[in-house]
Amino acid sequence: MAFDPMLQRQIMGRFATGVTVVTTRYGDGEVTGMTANAVMSLSLDPPLVVVSVDKKTTMHGCLQEGQCYAINILARDQEALSTQFATPGPKDFSDLDLMEGETGAPILTGTLGYLDCKLTEVLSAGDHDMYVGEIVAGNLGEGDPLLFYSGKYRELAELKDA
Ligand SMILES: Cc1cc2nc3c(=O)[nH]c(=O)nc-3n(C[C@H](O)[C@H](O)[C@H](O)COP(=O)(O)O)c2cc1C
């Protein structure tokens, strides 16, 4: 019998992660984005990252079309952005402070850092696809991270007596 997907979610929810917004530019210059924590550094030489994208999302087709994406790593004070980009459907960028990446993907400001990537490979894996991207640009920001653990947003606590 297949493993219970709810239990898989709960167990993997114990694996604390940061939170990103993955953005792309596609079609006639339209932009969209999606909150994602299934993001991983894949290779240093060549510099590759991967994002796992649910085939049911709008983002899935947009990434295929755009052939590029940026991973924007959210800061603690950007929880509202995470909520906004986790809501299905068109995303409103009009109030956001943006830069344009080398690939054309929108880069959010005020983040802890970003990676601008061109799509190199799509690996199918069950109900998700793995979008492998080669990093063409990136930069660091400052601040504390927004974390996701056990289905809730969290923040770093300094360890006492560490
Ligand atoms: C913290 C968090 C992390 C998420 N990580 C992913 C992810 O890695 N991959 C994914 O496909 N969806 C992920 N989602 C869900 C998408 O953000 C959500 O399905 C979104 O509405 C997709 O928008 P779209 O269908 O308009 O593209 C995550 C949601 C949250 C709140």
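Figured I'd write up the structure that's included with this text.

Parameters at a glance
- Residues numbered from 1 in each chain as written.
- Predicted model: local features only at pLDDT ≥ 70, side-chain atom pairs only at ≥ 80, totals over all residues.
- Heavy atoms only, no water.
- Pairing = 2+ DSSP bridges.
- Helix = DSSP H or I, 4+ residues; strand = E, 2+ residues; numbered from the N terminus.
- Near = heavy atom within 4 Å.
- Polar contact = N/O pair within 3.5 Å; in protein donor to acceptor, adjacent residues only side chain to side chain.
- Areas by Shrake-Rupley, 256 points an atom, 1.4 Å probe, with all protein chains shown as cover.
- Phe/Tyr/Trp six-rings, centres within 6.5 Å; stacked < 30°, edge-to-face > 60°.
- Buried < 20%, exposed > 50% of the residue type's maximum accessible area, 1.4 Å probe, protein only.
- Core = buried A, V, L, I, M, F, W, Y, C linked by side-chain atoms within 4.5 Å.
- Disulfide = S-S within 2.5 Å.
- Contact = heavy atoms within 4.5 Å.

**Overview of the sheet that holds strand E12 (residues 152-154)**
Inference 1: With antiparallel pairing, the three strands of this open sheet are ordered in space as E1-E11-E12. In this open sheet, the two strands that pair with only one neighbour each are strand E1 (17-18) and E12.
Inference 2: Pairing analysis gives three bridges linking strand E11 (residues 147-149) to E12, with the strands arranged antiparallel. Along E12, the bridge assignment pairs Leu 147 with Arg 154.

**Remarks on the site of the ligand**
Inference 1: Of all residues adjacent to the ligand, which total 19 residues, the nearest are Thr 35, Asp 54, Met 59, Gly 89 and Lys 91.
Inference 2: Between Ala 38 and the ligand, the recorded distance is 3.0 Å, taken from a backbone N or O atom to an oxygen atom.
Inference 3: Within the backbone of Asp 54, an N or O atom sits 2.8 Å from an oxygen atom of the ligand.
Inference 4: Taking 650 Å² as the accessible area of the ligand by itself, protein coverage stands at 83%.

**Things to note about the packing of aromatic side chains**
Inference 1: Going through the model one piece at a time under the given rule, you end up with two aromatic pairs.
Inference 2: Taking the centre distance of 5.3 Å and the plane angle of 70° together, the rings of Phe 85 and Phe 93 count as edge-to-face. Taken as a pair, Phe 85 and Phe 93 share a single burial class, namely buried.

**Some points on the nonpolar core**
Inference 1: Among the nonpolar cores identified, the biggest contains 13 residues, and Val 22, Val 51, Val 53, Leu 63, Tyr 69, Ile 71 and Tyr 131 are the most heavily contacted of them.
Inference 2: Mapped onto this core, the elements with two or more residues apiece are strand E3 (30-36), strand E5 (48-54), helix H2 (58-66), strand E6 (68-73) and strand E9 (113-125).
Inference 3: By residue number, the principal contributor to this core is E5, which donates three residues.
Inference 4: In this structure, Leu 74, Leu 81, Phe 93 and Leu 108 belong to the second largest nonpolar core, which totals eight residues.

**Looking at the state of the cysteines**
Inference 1: Summed over all chains, the structure comprises zero disulfides.
Inference 2: The thiol sulfur of Cys 68 is not disulfide-bonded, and the nearest other cysteine sulfur, from Cys 117, lies at 9.2 Å.

**Regarding the side chain of Thr 35**
Inference 1: Tracing the sequence through the fold places Thr 35 in strand E3.
Inference 2: In this structure the side chain of Thr 35 is engaged in a polar contact, spanning 2.6 Å, whose partner is the backbone oxygen of Ser 82.
Inference 3: Beyond its immediate sequence surroundings of up to four residues, Thr 35 is in contact with Val 19, Thr 20, Val 21, Leu 81, Ser 82, Phe 85 and Ala 86.

**Quick word on H2**
Inference 1: Where H2 is concerned, the buried positions are Met 59, His 60, Cys 62, Leu 63 and Gly 66.
Inference 2: Lining the buried residues of H2 we find strand E2 (20-26), E3, E5, E6, E9 and strand E10 (128-140).
Inference 3: Just downstream of H2, Gln 67 is the residue with a positive phi angle, here 60°.

**A short note on the pairing of E10**
Inference 1: In this sheet, E10 lies alongside E5 in antiparallel orientation, the contact comprising seven bridges. Bridging from a neighbouring strand, Val 53 pairs with Asp 129 of E10.
Inference 2: Strand direction decides the pairing type here: E9 and E10, joined by 12 bridges, are antiparallel. Paired with Leu 115 across the bridge in E10 is Gly 138.

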